[in-house]
Amino acid sequence: MQNTYDCLVIGAGFAGAVAARELAERAGKRVLVLERRGHIGGNAYDLPDEHGVLIHQYGPHIFHTANKRVFDYLSRFTQWRDYQHRVVANVHGAEMPVPFNLTSLELAFGREKAAALEEKLIAAYGAEKKVTILELRRNADPDVAALADYVYENVFLHYTMKQWDQSPEEIDPNTTARVPVFLSRDDRYFQDPWQGMPLEGYTPLFERLLDHPGITVELGVDARERLTLGEDGVTLDGVPFTGPVIYTGAVDELFACRFGRLPYRTLEFRFENYPVEFWQSHGTVNYTVSEEWTRITEFKYLTGQVKPECTTIAKEISHAYTGAPEETPYYAIINPENNALYARYQALAARYGNLYLLGRLAEYKYYNMDAIVARALELCDTLAEKGA
């Protein structure tokens, strides 16, 4: 096996697929990619459902970036559909843009009161600025402080409690402090210069990304059954493996949860199909004060698919991750205790000079898609410099 492949990549999501392509194409390596699922693409995997509607199996993925290198790199493997993501919050039955902005202000407080508040906000902070709740609460004007309280209560608090299953007292104050009010009428959820959706979907993007003579992909393979991290180093199928091993899975599972399981939140998606062209007003509607789900996604808004006879939505519900086979770990629960636990696993991995942890699960961090593509490119830059 050592003579067959130069590099091993575990996981065929964005982290693993980009790393594999770079190692094969730029470094001329023979790369083996092992993927536990029966498909490539990781959580960005998309496919037509039983009704022919293109859905994102593991929840909505909207591409956006301010990193030109990332945009240019992925543009080699897909054309883009121009899509500017807009999200509304359902607040007691009324829909208003999020992040909360000047349009939301008018919908929440009425035109006259909103105009007075807008004047105060622009005078204090300037137009087209994002101002955090913490900053607004520090304002001596009681009307401005009251606005901060409204956004906290109706847009942030209950939504966050559903997402993380935490009481207001347990929610990290630093997270609360960062919740913004956007002093603009730009209703886009992101303001990055490059935004869009892969024209044919994410799965074709991954197919092209991994289509290289130097890459071999094996699906439905649990790498833990073939990879051994022993006292003498790494072995693959019982044979020593000294080339780079890039691991993108859950780091605690790599070491059989030796120190205990790292906590995550998982998501349940309830897919529903309706015999109408569109079911809701936007691609994403957040339920910030009601319902058990945090948001509903309607995929045809995102993909641009023309299918007048029906549409598919997904209701998204957050749960604690237990490690059950049907669950997917989505969000690391970042706090000092969990960071310390992760550090113990990280130290175990550091014993192996050819083992590299890459991605949300391996690094126990949340990354947007563009950030993880950038991380993969940077890691391959480093490996190239080392001659690995």
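Throughout this document, residue positions are counted from 1 along each chain, in the order its sequence is written. Since the coordinates come from a predicted model, pLDDT governs what is reported: local features require at least 70, and pairs of side-chain atoms require 80 or more to be given and counted, while whole-chain, interface and lining totals use all residues. By convention in this description, side-chain values take in all heavy atoms of the structure and omit both hydrogens and water.

Caption draft 1: Structural view of the overall build of the chain. In this description a helix means any DSSP run of H or I spanning at least four residues, a strand means any run of E spanning at least two, and both kinds are numbered starting from the N terminus. Looking only at helices and strands, the chain has 13 helices and 23 strands in total. For the chain, the C-alpha radius of gyration of 23 Å lies close to 21 Å, the compact-globule estimate for 388 residues. The C-alpha extent of the chain, read off along each of the three principal axes, is 75 × 50 × 40 Å. Burial classification: accessible surface area is computed with a 1.4 Å probe over protein chains only, and a residue below 20% of its type maximum counts as buried, one above 50% as exposed, and the rest as partly exposed. Per-residue burial for the chain yields a buried fraction of 54% across its 388 residues. By definition, residues are in contact when any of their heavy atoms lie within 4.5 Å. Of all intrachain contacts in the chain linking residues separated by at least 6 positions in sequence, the fraction that spans at least 24 positions is 72%. Only C-alpha atoms enter the radius of gyration, while the globule expectation follows 2.2 Å times N to the 0.38, with N the number of residues.

Caption draft 2: Region of the structure containing the pattern of salt bridges. Salt-bridge detection follows one rule: a side-chain nitrogen of Lys or Arg within 4 Å of a carboxyl oxygen of Asp or Glu. Here the structure, examined in full by the defined rule, presents 27 salt bridges. The partner of Arg208 in a salt bridge is Glu200, with the nearest N and O atoms 2.6 Å apart. By relative accessible area, which is 33% here, Arg208 ends up partly exposed. Among the residues examined, Glu200 registers a relative accessible area of 48% and is labelled partly exposed. Between Glu218 and Arg226 there is a salt bridge; the shortest N-O distance is 2.7 Å. Relative accessible area serves as the criterion here: at 18%, Arg226 is assigned to the buried category. Through salt bridges with shared partners, a single ionic network connects Arg36, Asp222, Arg224, Glu253 and Arg261.

Caption draft 3: Geometry of the layout of surface pockets. What the second largest pocket holds in volume is close to 190 Å³. Around the second largest pocket sit Gln57, Tyr58, Thr266, Leu267, Glu268, Phe269, Phe271, His319, Glu326, Glu327, Thr328 and Tyr330, which together line it. It is strand E18 (residues 264–274) that contributes the most residues to the lining of the second largest pocket, five residues altogether. For cavity detection a 1 Å grid was placed over the protein atoms alone, and a set of points counts as a cavity when a 1.4 Å probe fits there but cannot get out; an open set counts as a pocket when protein lies on both sides within 12 Å along at least five of seven lines, with lining residues being those that have an atom within 4 Å of a point. Grid points are joined across faces, edges and corners, and a volume is the space filled by probe spheres set on the points.

Caption draft 4: Fine view of the sheet that holds strand E15 (residues 233–236). Reading across from one edge, E14-E15-E16 is the order of the three strands in this open sheet, with antiparallel pairing throughout. Edge positions in the open sheet fall to strand E14 (227–230) and strand E16 (239–240), since each of these has one partner strand only. We treat two strands as partners when DSSP finds at least two bridges between them.

Caption draft 5: Molecular detail of the packing of aromatic side chains. Paired rings are identified among Phe, Tyr and Trp, the last through its six-membered ring, by centres lying within 6.5 Å, and are further divided according to the angle between planes into stacked (under 30 degrees), edge-to-face (over 60) and tilted (the rest). Here the structure, examined in full by the defined rule, presents 24 aromatic pairs. On the basis of an interplanar angle of 25 degrees and a centroid distance of 5.8 Å, the ring pair of Phe71 and Trp80 is categorised as stacked. Assessed through its relative accessible area of 18%, Phe71 is described here as buried. Judged by centre distance (5.5 Å) and plane angle (35 degrees), the rings of Tyr152 and Phe156 are tilted. In this pair, Tyr152 and Phe156 both sit in helix H6 (residues 142–164), four residues apart, roughly one turn of the helix. Side by side, Tyr152 and Phe156 carry an identical accessibility label, which is buried. An aromatic cluster is present here, built from Trp164, Phe269, Phe271, Phe299, Tyr330, Tyr331 and Tyr366 joined pairwise through their rings. Charge over a ring is defined by NZ of Lys or CZ of Arg lying within 6 Å of the ring centre and within 35 degrees of the ring normal. Arg37 extends its terminal NZ or CZ atom over the ring of Tyr58, reaching a point 4.0 Å from the ring centre. When the ring centre of Trp293 is taken as reference, the NZ or CZ atom of Lys315 above it lies at 4.2 Å.

Caption draft 6: Structural view of the packing of helix H4 (residues 111–125) against H6. Lines fitted to C-alpha atoms define the axes here, with helix axes fitted over just the stretch in contact, and angles between the N-to-C directions of these axes take values from 0 to 180 degrees. With their axes 10 Å apart at the nearest point, H4 and H6 run at an angle of 100 degrees to one another. Regarding the angle of H4 to H6, the classification is roughly perpendicular. Residues Leu117, Lys120, Leu121 and Tyr125 of H4 touch H6, and the partners they reach there are Asp143, Val144 and Leu147. Put simply, Ala, Val, Leu, Ile, Met, Phe, Trp, Tyr, Cys and Pro go in the nonpolar bin, Asp, Glu, Lys and Arg in the charged bin, and everything else, Gly too, in the polar bin. Of the residues in the contact of H4 with H6, the class split is five nonpolar, no polar and two charged. An angle below 35 degrees is treated as roughly parallel, one above 145 as roughly antiparallel, one from 65 to 115 as roughly perpendicular, and anything else as oblique.

Caption draft 7: How the structure looks around the nonpolar core. The criterion is simple. A nonpolar core is a set of buried Ala, Val, Leu, Ile, Met, Phe, Trp, Tyr and Cys residues joined through side-chain atoms within 4.5 Å. By size, the foremost hydrophobic cluster in this structure holds 45 residues, and its most contacted members are Phe14, Leu23, Val31, Leu74, Leu209, Ile246 and Leu358. When contributions to this core are tallied by element, the ones reaching two or more residues are strand E1 (7–10), helix H1 (14–25), strand E2 (31–35), helix H2 (68–75), helix H8 (202–209) and helix H13 (369–386). At nine residues, the largest contribution of residues to this core is made by H13. Residues contacting Ile246, with those up to four places away along its chain left out, are Leu8, Val9, Ile10, Ala19, Leu23, Tyr356, Leu358, Leu379 and Leu383. Counting 33 residues, the second-largest nonpolar core is a separate cluster that includes Leu32, Val221, Leu227 and Phe241.

Caption draft 8: Expanded view of helix H11 (residues 336–350). Helices are assigned an expected span. That span is 1.5 Å times one less than the residue count. In this model H11 runs 20 Å from its N-terminal to its C-terminal C-alpha over 15 residues, within 8% of the 21 Å that 1.5 Å per residue would give. Turning to H11, its buried residues are Asn338, Leu341, Tyr342, Tyr345, Leu348 and Ala349. Down the axis of H11, the buried side of the element spans an arc of 105 degrees, and every buried residue falls inside it. Facing away from the buried side of H11, by more than 90 degrees, are the exposed residues Pro336 and Ala350. Elements in contact with the buried residues of H11: helix H9 (251–254), strand E23 (355–357) and helix H12 (360–363). For the purposes of these results, a polar contact is taken to be a pair of N or O atoms within 3.5 Å, where, inside protein, one atom must be able to donate a hydrogen and its partner to accept one; residues adjacent in sequence count only when each atom of the pair is a side-chain atom. At the N-terminal boundary of H11, the capping side chain belongs to Asn335, with an oxygen 3.2 Å from the backbone nitrogen of Glu337. Regarding the arc, it is the one traced by the directions from the helix axis to the C-beta atoms.

Caption draft 9: A look at the side chain of Lys162. Structurally, Lys162 is set in helix H6. We note that Lys162 is buried and unpaired, the nearest opposite charge coming from Glu291 at a distance of 7.5 Å. Among the polar contacts listed, one links the side chain of Lys162 to the backbone oxygen of Tyr287, at a separation of 2.5 Å. Discounting chain neighbours no more than four positions away, the residues touching Lys162 are Arg265, Tyr287, Ser290, Glu291, Glu292, Trp293, Thr294 and Ser318. In summary, the charge assignment counts Lys and Arg as positive and Asp and Glu as negative, without counting His or the chain termini.

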